[in-house]
Amino acid sequence: MSEERERAARYDPRLLGTLARALVLAAGAVVVLWVLFEIRRVLLLLFLALIVALVLNVPVTWLEGRGHSRELATGVIFAGLATVVGLLGWLVVPRLIGEVPQLINQLPQFLVGLANRAAAVFGNQSQLARQLSAVAQWLLELASQMWRYAGTLVASVILTIVLVAMSLFLVSNPRPLLRGYLRAMPPRLRRPAERAFARGSRMVVGWVTANLLLGAIKGVFTFVFLRWIGVGGVAVWTVLAVLSSLLPAVGFYLMAIPPSLLAAADDPVRGLWVLVFFWAMSEFLGDFVAPRLWEHTMRLHPVYLLFMVIATAATFGVVGVLVAIPLAGFLKTFFDEFYLLRWPEDPDVDEQIERILHRRI
């Protein structure tokens with residue numbers, strides 16, 4: 001009898017069914033994770049569209065609260081943004097088109113002159129001149145072959161159009177998506193999910209507010225320096241400096257390259273000084289001022305924010321930097337609501353922290 005019982009237990013159909021379901025779930029989880037990994041950049045683009053939508057939702061809901069339809073409010077806000085971008089393009093692009101060819105033609109002469117100056121200080125003039133002349137020739141060849149990057153430019157334009165379209169639909173009709181988000185949660189988790197998303201939205205708005213303050217600081221510095229050094233179009237470059245803070249990673253190039261090129265077209269040394277100024281200002285504000293502003297408006301520690309910037313940049317490149325800080329805010333809110341708040345508050349935590357800091361354990 002004992003052998004029959006062991007045989008029956010060994011071939012219990014319920015146990016086999018449980019194992020089969022576990023294997024199916026494990027395989028399904030692996031497939032889902034693989035798919036998410038393969039489309040990670042698409043998900044990042046979707047999250048970037050969500051960030052844009054959350055920011056634009058503030059003025060749209062303000063207009064909606066004053067009796068306007070949401071569709072009309074969305075159209076007004078997007079039309080205003082398109083007008084600002086078009087105006088900046090109309091002011092900046094023609095000047096660059098007119099000055100950049102002249103700068104490219106002057107570049108070899110400038111580099112050779114720079115070699116002569118360096119040689120006068122460090123010696124070995126002929127070798128330095130040959131090296132910098134070779135660099136100048138390489139730059140000219142690179143400029144003449146920029147058409148090879150037309151495919152990348154077209155892809156960037158297409159992705160930008162897709163981003164704008166997704167943001168437009170997210171802002172104009174968000175309620176079905178929010179309903180689906182809440183219904184995807186178990187009933188007991190819907191309230192934490194609501195709080196987490198609302199807190200994450202406030203953090204995104206706080207991030208934009210901090211960046212606008214940072215942009216105002218950049219604008220003041222840019223205006224004062226460019227007026228002092230004598231670069232034309234100061235008002236345009238000041239506006240670009242303000243807006244550059246809303247575009248991490250690529251904002252520096254938007255802010256620094258156009259005025260540096262135009263200044264270098266008149267005087268290469270002046271153009272170099274302009275570029276050095278923008279680099280120094282970006283490093284100082286980005287490494288010391290910006291984390292403090294983010295901490296104040298988002299209530300997140302600067303070390304955590306800088307870690308997220310480095311981690312997303314290493315994983316996703318430039319696009320990762322664009323979403324690093326908002327992603328840090330959302331991860332923190334969801335971690336708080338779904339994990340930390342499930343545990344009771346420890347009244348002795350401050351005392352424990354002091355013991356750790358002063359090594360009193």
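Everything discussed here concerns the structure shown above.
Owing to the predicted nature of the structure, the values given are computational and were not obtained by experimental measurement. (Residues numbered from 1 in each chain as written. Predicted model: local features only at pLDDT ≥ 70, side-chain atom pairs only at ≥ 80, totals over all residues. Heavy atoms only, no water.)

Brief notes about the overall build of the chain
For the chain, the helix and strand inventory stands at 14 helices and zero strands. Listing every helix and strand of the chain by position from the N terminus yields α-α-α-α-α-α-α-α-α-α-α-α-α-α. For the chain, the exposed area adds up to about 23,400 Å²; of that, 70% sits on carbon and sulfur atoms. (Helix = DSSP H or I, 4+ residues; strand = E, 2+ residues; numbered from the N terminus. Areas by Shrake-Rupley, 256 points an atom, 1.4 Å probe, with all protein chains shown as cover.)

Concerning the pattern of salt bridges
Counted by the stated rule, this structure contains nine salt bridges. Glu337 serves as the salt-bridge partner of Arg195, at 2.9 Å between the closest nitrogen and oxygen. Within this pair, whereas Arg195 is found in helix 8 (residues 190–229), its partner Glu337 is found in helix 13 (residues 318–338), the two being separated by 142 residues in sequence. Judged by its relative accessible area of 31%, Arg195 falls in the partly exposed class. The class for Glu337 is buried, based on a relative accessible area of 7%. (Salt bridge = Lys/Arg side-chain N within 4 Å of Asp/Glu carboxyl O. Buried < 20%, exposed > 50% of the residue type's maximum accessible area, 1.4 Å probe, protein only.)

With respect to helix 12 (residues 302–316)
Taking 1.5 Å of rise per residue, 15 residues should cover 21 Å, and helix 12 covers 21 Å from first to last C-alpha, within 8% of that figure. Looking at helix 12, one finds that the buried residues are Pro302, Leu305, Met308, Thr312 and Phe316. The buried residues of helix 12 occupy an angular sector of 125° when projected down its axis, which confines them to one face. Residues of helix 12 that are exposed and angled more than 90 degrees away from the buried face: Val303, Phe307, Ile310 and Ala314. Summarising the contacts, the buried residues of helix 12 are in contact with helix 3 (40–64), helix 11 (268–298) and helix 13. Phi turns positive one or two residues past the end of helix 12, at Gly317, with a value near 80°. (Expected span 1.5 Å × (residues − 1). Arc of directions from axis to C-beta. Contact = heavy atoms within 4.5 Å.)

Side note on helix 11
Over its 31 residues, helix 11 runs 42 Å from end to end, which matches the ideal 45 Å to within 8%, given 1.5 Å per residue. Where helix 11 bends most, at Gly286, the angle is about 40°. (Bend = angle between axes of the 7 residues up to and from the residue.)

Here's the deal with a nonpolar patch on the surface
A surface patch of nonpolar side chains, about 890 Å² in accessible area, is lined by Val31, Val32, Leu33, Trp34, Val35, Leu36, Ile39, Val42, Leu43 and Leu46. At the level of secondary structure, the elements contributing two or more residues to the nonpolar patch comprise helix 2 (13–38) and helix 3. Per-element accounting of the nonpolar patch gives the leading share, six residues, to helix 2. Following the sequence through the fold, Val32 ends up in helix 2. (Patch = residues over 30% accessible without salt bridge, like charges linked within 9 Å, V, L, I, M, F, W, Y side chains within 5 Å.)

Quick notes on the packing of aromatic side chains
Within the structure shown, the criterion is met by 10 aromatic pairs. Aromatic rings pair up to connect Phe47, Tyr181, Phe197, Phe330, Phe334 and Phe338 into one cluster. (Phe/Tyr/Trp six-rings, centres within 6.5 Å; stacked < 30°, edge-to-face > 60°.)

What to know about unusual backbone geometry
The phi torsion at Arg299 lies on the positive side, around 60°, for a residue other than glycine. Considering the arrangement of structural elements, one finds Arg299 in the loop between helix 11 and helix 12.

Side note on the packing of helix 11 against helix 12
Direction vectors running N to C along helix 11 and helix 12 enclose 115°, while the axes themselves pass 9 Å from each other. The orientation of helix 11 relative to helix 12 falls into the category roughly perpendicular. As for the relative orientation of helix 11 and helix 12, their crossing is right-handed in sense. Within the contact between the two elements, helix 11 uses Pro291, Trp294 and Glu295 and helix 12 uses Pro302, Leu305 and Leu306. Counted by class, the contact of helix 11 with helix 12 contains five nonpolar, no polar and one charged residues. (Axes fitted to C-alpha atoms, helices over the stretch in contact; angles between N-to-C directions. Parallel < 35°, antiparallel > 145°, perpendicular 65-115°, else oblique. Left-handed = near helix turned anticlockwise from the far one by under 90°. Nonpolar A, V, L, I, M, F, W, Y, C, P; charged D, E, K, R; others polar.)

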